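Below are the chains, spelled out letter by letter.
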Amino acid sequence: EAGERVAGAQLMLWPLEGEGTLGGCNAQTDQEGAAHLMIAQEGKYRLTASHPEFGMSAHELELTPGHAGRLDVRLERGVPCAGLARLAAGTSRPADPVVLTIRREDGNVYFAQTQVSFEADEAPFSFVGLSPGRYLVSALIADRWEPEIVLEVQQWGSTTLELVLGLPAPEPPR
């Protein structure tokens, strides 16, 4: 509900392009809805927070090492985005859950991640917190990343999206 703290939200903090050579860090909010992130290099960063039920949020921050700061993040549900992930013909059903990661097509900004388990050749999925636009979905199946799939989210959302996993990578443009 509005204003309530959310346990289990995933936080990722990454330097903006050209803002440093060190990677980012991540954390998960505790039962109190709090998390602590430590950085080693000052600069401009992007913080994303996401939760499978409560949505996501993204912020740009300027950080200085050694100085504690506090940021209250409000998760936004965005448009509903759900559907079925299907396995291409000839693709074996994964024994373990498959990790789906989604990011905007116009940049490497991570938006959300979810796990799906396949019953036969399909598995339901949903993402919350997405705004309308084009996204790239990556699937991690048995320690192997599948080719990215383009997903278009309309302003009104969709509950009939379909992702087909296990297809060969598209040919690069000539």
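Just above sits the structure.
Structure report, in brief. (Residues numbered from 1 in each chain as written. Predicted model: local features only at pLDDT ≥ 70, side-chain atom pairs only at ≥ 80, totals over all residues. Heavy atoms only, no water.)

### Things to note about the overall build of the protein chain
Applied cut-off: Numbering goes from the N terminus for both helices and strands, where a helix is a DSSP run of H or I of at least four residues and a strand is a run of E of at least two. Each residue's exposure class comes from its accessible area (1.4 Å probe, protein chains only) as a fraction of the maximum for that residue type: buried when under 20%, exposed when over 50%, partly exposed otherwise. It only takes one pair of heavy atoms within 4.5 Å for two residues to be counted as in contact. Residue burial considers only the protein chains on display, and all accessible areas are found by Shrake-Rupley using a 1.4 Å probe.
Summing up its helical and strand segments, the protein chain has 0 helices and 12 strands in all. The order of helices and strands in the protein chain, counted from the N terminus, is β-β-β-β-β-β-β-β-β-β-β-β. Counting the 174 residues in the protein chain, one finds 34% classified as buried. Considering only contacts within the protein chain whose residues lie at least 6 apart along the sequence, 55% involve residues at least 24 apart. Surface accessibility of the protein chain: about 11100 Å² in total, with carbon and sulfur atoms responsible for 49%.

### A word on the packing of aromatic side chains
The geometry of an aromatic ring pair is captured by the separation of the ring centres together with the interplanar angle, meaning the angle of the planes. Rules: Ring pairs shown here join Phe, Tyr and Trp side chains whose ring centres sit within 6.5 Å, with only the six-membered ring taken for Trp; geometry is labelled stacked below 30 degrees between planes, edge-to-face above 60, and tilted in between.
This structure, assessed with the given rule, holds 1 aromatic pair. Relative to Phe 127, the ring of Phe 125 has its centre 5.9 Å away and its plane inclined at 55°; by these criteria the two rings are tilted. What makes Phe 127 buried here is its relative accessible area of 2%.

### Topic: the nonpolar core
It is characteristic of soluble globular proteins that their nonpolar side chains tend to be buried jointly. The cut-off we apply is this: Each nonpolar core is a collection of buried residues, namely Ala, Val, Leu, Ile, Met, Phe, Trp, Tyr and Cys, held together in the definition by side-chain atoms within 4.5 Å.
Core analysis: the biggest nonpolar cluster contains 24 residues, and Val 98, Leu 100, Ile 102, Phe 118, Phe 125, Leu 163 and Leu 165 have the highest contact counts within it. Elements that contribute at least two residues to this core include exactly strand S5 (79-87), strand S6 (98-104), strand S7 (110-116), strand S8 (122-130), strand S9 (133-141), strand S11 (149-153) and strand S12 (158-165). If we skip the residues at most four places from it in the chain, Leu 100 touches Ala 112, Gln 113, Thr 114, Val 116, Phe 125, Phe 127, Val 137, Ser 138, Ala 139, Leu 163 and Leu 165. Grouped together as the second largest cluster of nonpolar side chains are 9 residues, Val 6, Ala 9, Ala 49 and Leu 75 included.

### Considerations on the pairing of S11
As a reminder, the rule being used: Following DSSP output, two strands are said to pair if at least two bridges run between them.
Every second residue of S11 is oriented toward a common face, the buried set being Ile 149, Leu 151 and Val 153 and the non-buried set Val 150 and Glu 152. Pairing of S9 with S11, which is carried by 5 bridges, proceeds in the antiparallel orientation. Across the sheet, the residue bridging to Val 137 is Ile 149, located in S11.

### Examining the sheet that holds strand S4 (residues 55-63)
Strand pairing in a sheet relies on backbone hydrogen bonds, with the paired strands running either antiparallel or parallel. The following threshold applies: The axes are straight lines fitted to the C-alpha atoms, using for helices just the contacting stretch, and the angles between their N-to-C directions are given from 0 to 180°.
Overall, antiparallel pairing links the 4 strands, which are arranged S2-S1-S3-S4 in an open sheet. Two strands close off the open sheet at either side, each with one partner strand: strand S2 (25-28) and S4. This sheet shows a mean twist of 15° between the axes of neighbouring strands, independent of strand direction. Pairing between strand S1 (residues 10-15) and strand S3 (residues 43-51): 6 bridges, direction antiparallel. Its bridge partner lying in S3, Trp 14 is registered against Arg 46.

### Here's the deal with unusual backbone geometry
A negative phi holds for most residues other than glycine; trans holds for most peptide bonds. A positive phi angle, near 60°, is found at Ala 120, a position not held by glycine. By the element assignment, Ala 120 lies in the loop between S7 and S8.

### Details of the environment of Gly 83
Counting through the fold element by element, Gly 83 comes out in strand S5. The spatial distance from the C-alpha of Gly 83 to the C-alpha of Phe 127 is 9.4 Å, given a sequence separation of 44 residues.

Keep in mind that these numbers describe shape and distance, not what the molecule does.
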